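One-letter residues, chain by chain:
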Amino acid sequence: MLVLATKSAHSEGRILDFKETTFSKWEQNVTYVSSTGYHARGMAPMYQITNRVLDLFLGPEAIPEGYIVVSDMNIALGPKAQDQEFGELAKHYWTILLIVSLAAVIIILTPIIGFCFCCCRCAGACGGRSQPFDKKHDTCRRVFLGLFLICAGTGIVFGVVIAFVTNSYMQNGVENATISAREGVDDTRLFLKTTSGEINHLLVKNYNELSVHLHQMLNETATVTMNRLDEASNAISLTQLNDFVQTLPQVKKNLERLKELTNTLRTNASQLSDGLRGVKGKLLTSLTQCEAAPCRDVLDQYEIGKLDDSGIDYNQMLDRYFPRLPDVTVTIDNVNSLISGSLMANLARGKEAVEEVKKEINDVIAENIPRVSKAINDAGSAIKEAANEVTSAIDRISDLSGNYTYKYFDIADDYIRQYSVYRYYAGIAISSVLLLILLCISMGLLCGICGKRPDGYGDDCCNKGAGGRFLMMAVAVIFLTLSLLTLACLVLFLVGLVAHRGVCVSLKNPADDQVFNYVDQLIDLNRVLYPSSSRNRGKSVKLRQYQREETPFRISQVIEACHGNRAAYDVLQLKNFKDIQEIREYPEKYNIDGLLDELIRSIDIRSNLQILTPEAQEEIEKLATSELNNFPAHKFEQHLSDDITTTNLTELAIKLEDTAAKIPNTQEMNDIRSSLKNEALHLRTYQTNLVTPMTEAKDEILTLATDLDKTLHFNANSFEEAIKKFLVETDKAQDFINVNGTQFVQQVIGELNTAFRNEITSYLELVITTLENEVGRCGPISNVYNATLVALCNRVIDPFNGFWAGVGWCVLIFIPTVILCVKLSGLYQKSDPYPGPLVESEYLYDAYSERDNIPLANGPKHKRRNKKYERRRNSRDPRDYYEDTSSPGGSRDNRYNDMAPNSHRFDGNNNGPSNIFYITAGQSPTAPLKTPDTSAGRTNGRQTPKSLRRNRSQFF
């Protein structure tokens, strides 16, 4: 964990360089299930229009200023309400009052108008009876009125579809509302649980990692300090010199072994030289006498004449070059004298003096480390307690969101299962009424446009008369249900308006909404989430004062912070419960800084240190000038670098044996064969007993010489130079420790303490920064909030408003629809097309010859019989009086050839038809009929009374 000084550290004036603590990161895969996905399934434009219409009714302010006052979490009537100044209130809600007034008028007048209309129809007016044939512009009227009714029916289709669809969507939204709410609560609790774990990881696990690092730094303080002191004072040279002196016995053993191997090598070289010389002579004699080809091959391949020539000249080694091979006897004697002297003891005492200084420093450090370690543990316990308080607050919020919601969700599920179906069926009933009216209008239009005229003789089931009756059936259903539909629409409108403005608009823009602001001021989350008894526990005076002056914690702040994806500490205003800035005081509060400063002040190194006595220095100088300084390792490498023999004796022995086997089996060759086999045996023996041991001895000599050379030179040019360098560095180390030792050690420990403080400060800053800005980012809760809005507003309230909008649309269309249906119904009841102006005039004359007198000569004598006859007479078609049943041309198709009544029966006085009744213009059909006065003269069958022509428009 702690790295020794580097060049960069020295360049910055520092002695130590440290590795910072590596903190593990919080890693956990969390999956949230709340979804903001929503598909309006074709109703999005309708919802948008409805919401915009609702926004026009209230505007940005739902309640005028001065009527409601919220303060100190209490709501009361404002001054304008107390003074009963309701004019501004009425002005603010004038559109709503207008809608309510219009709806009230429709609700009240519809039954009255319907009753009057029914009576009017029963009396024969209001389209109850009409002329049997079209008037001049009735065809045009049918076309345009039918077109208008088609447009009205199309609008009704739109309203009916909206009513059915939104009713179904609303039911789905209501049934799934608790599911979405449970998912939101589950995600909220999962988020809080994850945030709690992340805080625990930051404040507990990361601090444990810091604590391990700090304790390791404390435990390494003495070691690092001593190493730095050795490096700065070069006291390590004394250690190296002492280590070398301690290896002198081993050097002596190596020299003795080197001497032994050299002597053995000389002896074996002499024996090998003599043996090979004899083998050479015998092989030359035998191979020369042998005339076989294998013998000549051996002579040519191995050069037997040079068999005793080897890589090493053994004769010169023994005689002429013997002085060149180093003799280590004198060196061994010098080493013995050094070992037997006081050199080793003096160096050991010098090293002990240095170690004693180190021990004093180590004891001082070891005395202070436990106290610093305890302070670190105490601070860790305080941080852990703070983590527990914060996580307990978050867990309490999680419990609140779970314990106080799930049971209500269960209750809501029960109510939804029991009662939502009635609301759904009520919506179906209202939609079905609209559908019934639509079907009547549709059938009326279908029959009225596509059907034939009614003729009274085998009429089709879907003629124009049936269309008229369908339309009047629609009118009847409208009059019967319009008040109820309007009342239901008004109630739904008011409820939807309040829900849209008070819930959806407020929750979508809580910061700037008036209604939400009223609710926001009623609730201070500090009192709900952080009771005062727990907030002030463990607080300092400064923090308690801060706690008393804290600002209210509002719901709108939570929503805005979540939408901004800020950290949970900021979102939940946890500083009102536990101010994380308090941990900055922990190093001072738990006296960590004071203990570290005390550790620095306790360092004091004595200034009379003596590493080497004069006697020890004299003996070391003697060591520098000893024979060890002249150890010539290169000479061993020079004389022993070649192979022992130039020819592999084993290979030659095998070749000789093969050659002996190939020689012809003759008397002369048997002696040669035996000689070759004997010499091959000698060569194998020399290889095994002499060459192999000599090779091993040579390699060991070279290894020993190389090791001794490295040991004696200490990476210097010579042994004497290395020893003198050790002496100089030891003197410098002694002077450094005596003069600068205390200051240097204090500086080392000071840097160590600075790094210690920096590690603690870095961790505290990491905790504060991470907790305030990173831990528990509130994006998931924002998603939960938006998902809840979707489930409530988009899936319930929007379809709810769409439902009353569809019904209200139909109610508005029903008013002109009634007029259109009544008009078209009368037009569809006429059986004949327009006959022309002359025929129409003759029809009026024949039917009403006199305005004031109606002939009743042949009428019934009794009153009751007269009324019965009158009803039967009124039900007959007046055109029947003009039919000529006795003539061939008297059919209905030929009656327009001559509209004059030529087939009437006249009495004997030629006074006109005796069985025709006349109704005075303006007289009710049910009034007593008058017979014409015959004294005034008879009427002309082809003349229409002027008074009747003048009052033609009053007939029906």
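Cut-offs and rules
Residues numbered from 1 in each chain as written. Predicted model: local features only at pLDDT ≥ 70, side-chain atom pairs only at ≥ 80, totals over all residues. Heavy atoms only, no water. Helix = DSSP H or I, 4+ residues; strand = E, 2+ residues; numbered from the N terminus. Buried < 20%, exposed > 50% of the residue type's maximum accessible area, 1.4 Å probe, protein only. Contact = heavy atoms within 4.5 Å. Salt bridge = Lys/Arg side-chain N within 4 Å of Asp/Glu carboxyl O. Polar contact = N/O pair within 3.5 Å; in protein donor to acceptor, adjacent residues only side chain to side chain. Core = buried A, V, L, I, M, F, W, Y, C linked by side-chain atoms within 4.5 Å. Phe/Tyr/Trp six-rings, centres within 6.5 Å; stacked < 30°, edge-to-face > 60°. Axes fitted to C-alpha atoms, helices over the stretch in contact; angles between N-to-C directions. Parallel < 35°, antiparallel > 145°, perpendicular 65-115°, else oblique. Nonpolar A, V, L, I, M, F, W, Y, C, P; charged D, E, K, R; others polar. Disulfide = S-S within 2.5 Å. Expected span 1.5 Å × (residues − 1). Bend = angle between axes of the 7 residues up to and from the residue. Patch = residues over 30% accessible without salt bridge, like charges linked within 9 Å, V, L, I, M, F, W, Y side chains within 5 Å. Areas by Shrake-Rupley, 256 points an atom, 1.4 Å probe, with all protein chains shown as cover. pLDDT = per-residue confidence, 0-100.

Trainee: What exactly am I supposed to notice about the overall build of the protein here?
Mentor: On a plain count of helices and strands, the protein comes out with 32 helices and 4 strands. Here the protein holds 956 residues, and the buried ones make up 45% of them. Of the contacts formed within the protein by residues at least 6 apart in sequence, a portion of 87% connects residues at least 24 apart.

Trainee: Would you mind showing me how to read the pattern of salt bridges here?
Mentor: Once the charged atoms of two side chains with opposite charge are near each other, the side chains can pair. Counted under the stated rule, the structure contains 12 salt bridges. Close ionic contact of Arg584 with Glu765 constitutes a salt bridge, the shortest N to O distance being 2.2 Å. Linking Arg584 in the loop between α21 (568-571) and α22 (586-589) with Glu765 in helix α28 (residues 719-773), this pair joins segments that are 181 residues apart in sequence. Salt-bridge contacts for Arg684 lead to Glu657; the nearest nitrogen and oxygen are separated by 3.3 Å. Within this pair, whereas Arg684 is found in helix α27 (residues 667-713), its partner Glu657 is found in helix α26 (residues 649-662), the two being separated by 27 residues in sequence. On the basis of relative accessibility, which here comes to 34%, the residue Glu657 falls in the partly exposed class.

Trainee: Whenever I open this one, the side chain of Asn794 confuses me. Can you help?
Mentor: Mapped onto the elements, Asn794 comes out in helix α29 (residues 779-829). With a relative accessible area of 18%, Asn794 lands in the buried category. For Asn794, the side chain forms a polar contact with the side chain of Asp798, separated by 3.4 Å.

Trainee: Would you mind showing me how to read the nonpolar core here?
Mentor: A general feature of soluble globular proteins is that nonpolar side chains tend to end up buried together. Core analysis: the largest hydrophobic core is formed by 70 residues, its most contacted members being Ile361, Ile365, Ile376, Ile592, Phe756 and Tyr763. In terms of residue count, helix α13 (residues 343-403) provides more of this core than any other element does, 17 residues in total. With 61 residues, the next largest nonpolar core counts Ile106, Leu485, Ala805 and Cys810 among its residues.

Trainee: I tried to follow the packing of aromatic side chains on my own but got confused; where do I start?
Mentor: Two descriptors summarise a pair of aromatic rings, namely the distance from one centre to the other and the angle between the planes of the rings. Inspection of the entire model under this criterion finds 10 aromatic pairs. A centroid spacing of 5.8 Å and a plane angle of 50 degrees characterise the contact between Tyr424 and Tyr425, whose relative ring orientation is tilted. Judged by its relative accessible area of 25%, Tyr424 is partly exposed. Looking at Tyr425, the relative accessible area reads 51%, which means it is exposed. By the ring-pair criterion, three or more aromatic residues cluster together here, those being Phe23, Tyr207 and Tyr763.

Trainee: Where do I start with unusual backbone geometry in this structure?
Mentor: Trans peptide bonds make up the majority, and among non-glycine residues the majority have a negative phi. Although it is not a glycine, Arg41 sits at a positive phi angle of roughly 55 degrees. Structurally, the position occupied by Arg41 is in the loop between β2 (17-18) and α2 (44-58). The backbone of Gln84 sits at a positive phi, close to 55 degrees, despite the residue not being glycine. When you line up the elements, Gln84 lands in the loop between α3 (79-82) and α4 (87-92).

Trainee: Help me understand the packing of helix α6 (residues 138-219) against α28, please; the structure alone is not making it clear to me.
Mentor: Interhelical geometry of α6 versus α28 gives an angle of 175 degrees and a closest axis separation of 11 Å. In terms of orientation, α6 lies roughly antiparallel with respect to α28. Facing Ile199, Leu202, Leu203, Asn206, Tyr207, Leu210, His213, Leu214, Met217 and Leu218 of α6, the residues of α28 in contact are Leu752, Ala755, Phe756, Glu759, Ile760, Tyr763, Leu766, Val767, Thr770 and Leu771. Taken together, the residues of the contact of α6 with α28 sort by class into 16 nonpolar, 3 polar and 1 charged.

Trainee: I keep staring at the state of the cysteines and nothing clicks. Help me out?
Mentor: When the sulfur atoms of two cysteines share a covalent bond, that bond is a disulfide. Enumeration over the complete set of coordinates arrives at 3 disulfides. Across the disulfide from Cys290 sits Cys295; the S-S distance is 2.2 Å. On the S-S bond that ties Cys290 to Cys295, the torsion sits near 70 degrees, and the link is right-handed. Look at Cys290 and you get buried, because its relative accessible area is 3%. With relative accessibility at 0%, the residue Cys295 sits in the buried group. Two residues share a disulfide in this structure: Cys504 and Cys793, whose sulfurs sit 2.2 Å from each other. The sign of the S-S torsion, about -115 degrees, decides the handedness of the disulfide formed by Cys504 and Cys793: left-handed.

Trainee: What's the story with helix α20 (residues 555-563) in this structure? I'm lost.
Mentor: Given 3.6 residues to a turn, an α-helix orients residues that are three or four positions apart in the same direction. Ser556, Val558, Ile559, Ala561 and Cys562 are the residues of α20 that are buried. Contacts from the buried residues of α20 go to α16 (514-522), α17 (525-529), α21 and α29. Of the residues trailing α20, Asn565 is marked for its positive phi of about 55 degrees.

Trainee: Looking at this structure, I do not really get the environment of Ser626. What am I missing?
Mentor: Structurally, the position occupied by Ser626 is in the loop between α24 (614-624) and α25 (633-639). When its relative accessible area of 8% is taken as the criterion, Ser626 is described as buried. Each C-alpha atom, one on Ser626 and one on Val330, is 9.7 Å from the other, the two residues being 296 residues apart in sequence.

Trainee: What is the right way to read α28 from this model?
Mentor: The terminal C-alpha atoms of α28, which comprises 55 residues, lie only 66 Å apart, well short of the 81 Å expected from a rise of 1.5 Å per residue. At Asn740, α28 is deflected by roughly 75 degrees, the largest bend along its length.

Trainee: Even after reading the chapter, I still don't get a nonpolar patch on the surface, so can you show me in this structure?
Mentor: A contiguous nonpolar surface patch, about 730 Å² in accessible area, is contributed by Tyr404, Tyr408, Ile411, Tyr415, Tyr419 and Tyr422. Topologically, Tyr404 is positioned in the loop between α13 and α14 (406-450).

Trainee: Would you take a moment to explain the environment of Met73 for this structure?
Mentor: Mapped onto the elements of the fold, Met73 is located in the loop between β3 (68-71) and β4 (74-77). Of the residues examined, Met73 reaches a relative accessible area of 25% and is grouped as partly exposed. Once you skip the residues sitting within four places of it in the chain, Met73 turns out to touch Gln521, Leu522, Ile523, Asp524 and Arg527.

Trainee: Before we go on, may I ask you to explain the confidence of the model for the protein in this structure?
Mentor: Low pLDDT means the predicted coordinates in that region are not meant to be read closely. In the predicted model, the protein carries a mean pLDDT of 75, and 74% of its residues have values of at least 70. In the predicted structure, residues 311-323 sits below a pLDDT of 50 and forms 24 contacts with residues beyond four places in sequence or in another chain.

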